[in-house]
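# Chain and residue survey
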Amino acid sequence: MENKILKDLCFAPEKGGLFYKEVRYLLIRPEVLVTFQKEIEKELGERADRILFKSGFQGGSLSSKRYQEVFNFSHEEIVRFMIEMGPQIGWGRFELERYDPGNKDLSVKVHHSPFAEAYGPSRTPVCHFIRGVLSGMATVVFKKETEITEILCLAKGDPFCKFELA
């Protein structure tokens, strides 16, 4: 599979940044984000999950709006593009299980989530960034406030992570 995102990623030395279609991206090890996650979980408990979710939500909604503006993507094209982009930027192998715009229904599997793998064993789901990104995307696509739930998580011992509309 060709990595179209990586192929079109540009380095702007004067800004010290990586850009895809004029949108800045950042390369960071999953362990760095997971260390941040675990530290705020120690301080804030379950409130930390919400902060991580909202951070992902911001990215998912901003990206979805940007792809709509720049590429003139339909809602379905936004979903398919973001599902294809996930693995190309290292977020695991995304699999669109269900997308039904009429019923505002969405289900996505993620194999090898870097967040779950870096987190290690957990009693609860840990992929709050992915859940947030998918929720932000779904909010733009379905034109209503939407929250995705992580019903399976690799960190809990499940074979993959699975996200569904709440």
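Before reading on, note that the structure itself is shown above.
Rules of the game
- Residues numbered from 1 in each chain as written.
- Predicted model: local features only at pLDDT ≥ 70, side-chain atom pairs only at ≥ 80, totals over all residues.
- Heavy atoms only, no water.
- Salt bridge = Lys/Arg side-chain N within 4 Å of Asp/Glu carboxyl O.
- Helix = DSSP H or I, 4+ residues; strand = E, 2+ residues; numbered from the N terminus.
- Buried < 20%, exposed > 50% of the residue type's maximum accessible area, 1.4 Å probe, protein only.
- Pairing = 2+ DSSP bridges.
- Axes fitted to C-alpha atoms, helices over the stretch in contact; angles between N-to-C directions.
- Contact = heavy atoms within 4.5 Å.
- Parallel < 35°, antiparallel > 145°, perpendicular 65-115°, else oblique.
- Left-handed = near helix turned anticlockwise from the far one by under 90°.
- Nonpolar A, V, L, I, M, F, W, Y, C, P; charged D, E, K, R; others polar.
- Phe/Tyr/Trp six-rings, centres within 6.5 Å; stacked < 30°, edge-to-face > 60°.

## Examining the pattern of salt bridges
- According to the stated counting rule, one finds 14 salt bridges in the structure shown.
- In this structure, Glu-164 and Arg-98 form a salt bridge, with 3.6 Å as the shortest nitrogen-oxygen distance. Of this pair, Glu-164 sits in strand β7 (residues 161-165) while Arg-98 sits in strand β4 (residues 93-100), and the two are 66 residues apart along the sequence.
- Overall, the relative accessible area of 32% leaves Arg-98 in the partly exposed class.
- Overlapping salt bridges, with partners in common, bring together Glu-97, Arg-98, Asp-105, Lys-109, Lys-162 and Glu-164 in one network.

## Topic: the sheet that holds strand β6 (residues 148-152)
- With antiparallel pairing, 4 strands are arranged side by side in an open sheet as β4-β5-β7-β6. The two strands at the open ends of the sheet, each matched to only one other strand, are β4 and β6. Between one strand axis and the next, the sheet turns through 20° on average, direction left out of account.
- Pairing analysis gives 4 bridges linking strand β5 (residues 105-111) to β7, with the strands arranged antiparallel. Directly across from Val-110, in β7, lies its bridge partner Cys-161.
- Each of β4 and β5 is contacted by helix α4 (residues 75-88), which is oriented at about 160° to β4, the strand it contacts most.

## Quick word on the environment of Lys-144
- Of note, Lys-144 is situated in the loop between α6 (128-142) and β6.
- According to the relative accessible area criterion, Lys-144 is partly exposed, its value standing at 44%.
- Expressed as a C-alpha distance, the spacing of Lys-144 and Lys-21, which sit 123 residues apart in the sequence, is 27 Å.

## Digging into the packing of helix α3 (residues 46-71) against α6
- Running from N to C, α3 and α6 cross one another at 40°; their axes reach a closest spacing of 6 Å. The angle between the axes of α3 and α6 places the two elements in the oblique class. Considering only the axes of α3 and α6, their crossing is right-handed. Contacts between α3 and α6 involve Asp-49, Leu-52, Phe-53, Ser-55, Gly-56, Phe-57, Gly-60, Ser-61, Ser-64, Lys-65 and Gln-68 from the former and His-128, Phe-129, Arg-131, Gly-132, Val-133, Ser-135, Gly-136, Met-137, Thr-139 and Val-140 from the latter.
- For the contact of α3 with α6, a count of residues per class yields 7 nonpolar, 11 polar and 3 charged.

## Observations regarding the environment of Lys-143
- Inspection of the secondary structure puts Lys-143 in the loop between α6 and β6.
- Assessed through its relative accessible area of 68%, Lys-143 is described here as exposed.
- When sequence neighbours within four positions are dropped, the list of residues in contact with Lys-143 reads His-75 and Ala-138.

## Overview of the packing of aromatic side chains
- Counted under the stated rule, the structure contains 10 aromatic pairs.
- With a centroid separation of 5.9 Å and 25° between ring planes, the pair formed by Tyr-67 and Phe-71 is classed as stacked. Separated by 4 residues within a single helix, Tyr-67 and Phe-71 lie in helix α3, roughly one turn from each other.
- Since its relative accessible area comes to 2%, Tyr-67 is described here as buried.
- The class of Phe-71 is partly exposed, set by a relative accessible area of 25%.
- With 5.0 Å between their ring centres and 80° between their planes, Trp-91 and Phe-115 make a pair best called edge-to-face. Of this pair, Trp-91 sits in the loop between α4 and β4 while Phe-115 sits in helix α5 (residues 114-119); the two residues are 24 residues apart in sequence, bridging distant segments of the chain.
- On the accessibility criterion, Trp-91 (23% relative accessible area) is partly exposed.

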